[in-house]
Amino acid sequence: MVGLTTPPQQTESWIVVGGCGFLGRRIVEMLLERGETNVAVFDIRKTFDDARVQFFTGDISNAADLERAFEGRSVVVHSASPPHGLDAKVYFAVNVDGTRNVIQSCKNLGIQKLVYTSSASVSFNGQSLEEADETTPYCEKHLDAYNETKALAEKMVLEANSPSFRVACLRPSAIFGPRDMQCIRTMLDVARTGKSKVQIGDNSVIFDYTYVDNLADAHIIAAEKLNDPNSGVAGQAFFITNDSPVFFWDFAKMVFDEDGAKNTLSTVLPTWFAIGLAFIVEFFVLLLSPIKKIHPTLTLFRVRIITQNKYHNIDKAKKLLGYKAKVSLGEGIKRSVKWFKEEEARIAAANKESKKQQ
Amino acid sequence: MATAALLASIGHPSEVYALLKYKFTTSDAVTKYTTRESVTAKKGTPEYTYQMCYYFLNKTSRSFARVIQELHPELAHPRLGHNRRRYDLSNDRKLPLLRTFDTIMYKKGWTFNENGPNEKDRILMVEFDVVIDQFLRLKESYQTVIADVTRRMVTVVTIADYDLYTHYVAGLVGIGLTGLFSVSGLEDASLTKDEYLQNRMGLFLQKVNIMKDYLEDLNEGRQFWPEEVWSKYVWENQGLDALAKPENLNDALACLNELCVNAMELAPDCLEYMSKLKEPSVIHFCAIPQVMAIASIALFFNNSVVFTKGGLKIRRGLAVKLIYEGTTFEGVKNVFKRYALEIAKQNSKRVGTNPKDESFMPMSIACSKVIRWINAHDKKMGIVPKSSGEQVFEYLIVAVNFVLLALIVQHFYNAYNSLN
């Protein structure tokens, strides 16, 4: 299993903020897998149970809640963040105010290490990115409130770095894995509603993805590296990916295939055609907007995003963190789709069982 | 040129053009020494040794002769001393011979008569004294490089498994040639420093050859496919020959595709090496086999003919077209890009057709690495891609805007007219 290669540091007392979420839960599980005995979770809701974990339910915007949970911890991993597509207010409350509270609580309690889950989108505002490394500046204007608040939070965390409070920020690009309700879930829904036939462009565009276990692993090794003041990790941000950028549509193709869909992406729309179509769609959406609000799948923004390269150079993480993506992209996709299938089978069986009992 | 080659390319007009151009523009003094009768110089003269060496080269490796004549005259000549092939002798006799080969090169008058009468290279060995004569006539610096590489090829034989012989040899040829390029002054001395890239150039070619020759090698009792790979696709007590059985086709293709990925992973390093070359004839010399190799991968990939019939070769018309494209580094880059995308396309088309095959994602990653190398190189050189998505995007928005605007204007104009 990933994470077992580094020996556990049982002297460490871990708390994972957002530990009930998709990524946070994997970090917790992997800490347990490698034999950590002192692991706690702080989250707004409790989504699973484990006797080895101490759970704290509370609100990240309430400093008192945080301090109660942080008491006696030696390292904080902050990976709480709302999903895409919510109101801007939510992002400011959780990502900006919440992160400020996390930093302050750490300082109040004398906790010396913080690893923050940032996002690769802090330096992405729709432009093409090729081999982008950490010298790429933050966007002056962000695409949306999610990206803007992630960047604000990252800057706050990095500025708080000092010899007695060492921090690191990780910037993943397109996280996927079991329990992922955005990337894989969306693709499976697309495949199962028969929308997996159309491909836009000639599939020469290259994208970066990150399997959740690799990212969880990166958090754990980053926290360890913060122990060593000479590691050069403190006060730094790192792009984290699977280190294997790949053709955009091939990722989806494999997800579809693992799910059993055949002849996917068989209709190829040229980029210019898709742009023209999206333009016409948006034109009519705009025309109809006084009468009816429509949210089309095909938008100019989406076409633009998927017809441009977006991949990173993660040499800094490899060099300073010693990071290596242990689970390959293909293996990650297999594991993810398998999990969803098994989960669905479990749910189906449970439904059947409850019907029988009635 | 065979009419068959023209017919094979009939559906590909650019290849027909290339074939005709090749036919009417190539006039090479060196390729004329293809038969013993064509060697006209008197025995014992320098001209005789020269002609005989080209004759041997044509005899043992026709394609190599074609490539060598692309070289700058300064280099084409020394390269003749550097011939090398697998000799179908027993190992007992061959190994000691090969081990001392670097000293033999300096023994005037040395010949070897023990090859079987049917071996293609027999004539070369019987009259090897001619090659030595030519070798000793080369500049001393060239002699040193050739002898060094000859010695190292031989060292590998004694340590490594005989299976690996050709595998290592190809890499060393790359290293040896690089040495020649730089002592000739045609390329920077710095080129020789990076043996890693030089070796990868050779490996790329050799790995493609090894894939191609699966059946031929099998029939002649040779095995060059790495056991580490093929053993995954056959039962425990089976050998590499199991892959040739029709009932094992899925395993065979999965194995072949894994080898294609393995070869394709070398492509970015080959581009890196060739991007460092300056002299046009050296670029062309290096590029010809490379562009053929990547085109061959596109041909072999997931292709059952490798196991059923063998002898897969790219169309002659395509080969000639590639030779022309490989004249400049820009051309080589375009060929690599085209084939990386072509292989990626084939790759995604066959998804879900073979349950044994795990190579989809690795191949996609390998092909995207070629594109990434090219993107990075273009950026470094300040080359802006001609039609990036972004440019097309903005151009089209403007165009569509105008069309819509025109429609709206026309609509209001009509409405206005009908009001009056």
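This text follows the structure it describes.
Since this is a predicted model, take the numbers as computed values, not measurements.

A. Quick peek at the overall build of chain B. Secondary structure summary: chain B contains 22 helices and 0 strands in total. Classification of the 420 residues of chain B by burial places 51% in the buried group. Pairs at least 24 residues apart make up 70% of the contacts formed inside chain B by residues separated by at least 6 positions. Split by element, the accessible area of chain B, about 20500 Å² in all, is 56% carbon and sulfur.

B. Seen up close, the interface of chain B and chain A. Counting residues at the interface gives 27 residues for chain B, matched by 30 residues for chain A. Where chain B abuts chain A, roughly 2600 Å² becomes buried across the two surfaces, and 68% of that area is made up of carbon and sulfur atoms. Seen at the junction of chain B and chain A, the total is 2 salt bridges. The shortest N-O distance in the salt bridge between Lys334 of chain A and Glu358 of chain B comes to 3.7 Å. Linking chain B with chain A are 5 residue pairs in polar contact (both at pLDDT 80 or more). Listed by contribution, the elements that provide at least two residues to the side of chain B that touches chain A are helix H20 (329-349), helix H21 (360-381) and helix H22 (389-419) of chain B. Per element, the largest residue contribution to the side of chain B that touches chain A is 11 residues, and it comes from H22 of chain B. Of the residues contributing to the side of chain B that touches chain A, the split by class is 15 nonpolar, 7 polar and 5 charged.

C. Molecular detail of helix H2 (residues 63-70) of chain A. All names here are of chain A. Turning to H2, its buried residues number three or more, namely Asp65, Leu66, Ala69 and Phe70. With its buried residues spanning 125° around the axis, H2 presents them on a single face. Across H2 from its buried face, at more than 90 degrees, point the exposed residues Ala64 and Arg68. Along its buried surface, H2 packs onto strand S1 (14-17), strand S2 (39-43), strand S3 (53-57), strand S4 (75-78) and helix H3 (88-109). At the N-terminal boundary of H2, the capping side chain belongs to Asn62, with an oxygen 3.0 Å from the backbone nitrogen of Ala64. Of the residues trailing H2, Gly72 is marked for its positive phi of about 85°.

Cut-offs applied
- Residues numbered from 1 in each chain as written.
- Chains lettered and ligands numbered in written order.
- Predicted model: local features only at pLDDT ≥ 70, side-chain atom pairs only at ≥ 80, totals over all residues.
- Heavy atoms only, no water.
- Helix = DSSP H or I, 4+ residues; strand = E, 2+ residues; numbered from the N terminus.
- Buried < 20%, exposed > 50% of the residue type's maximum accessible area, 1.4 Å probe, protein only.
- Contact = heavy atoms within 4.5 Å.
- Areas by Shrake-Rupley, 256 points an atom, 1.4 Å probe, with all protein chains shown as cover.
- Buried area = accessible area lost by both parts, 1.4 Å probe.
- Salt bridge = Lys/Arg side-chain N within 4 Å of Asp/Glu carboxyl O.
- Polar contact = N/O pair within 3.5 Å; in protein donor to acceptor, adjacent residues only side chain to side chain.
- Nonpolar A, V, L, I, M, F, W, Y, C, P; charged D, E, K, R; others polar.
- Arc of directions from axis to C-beta.

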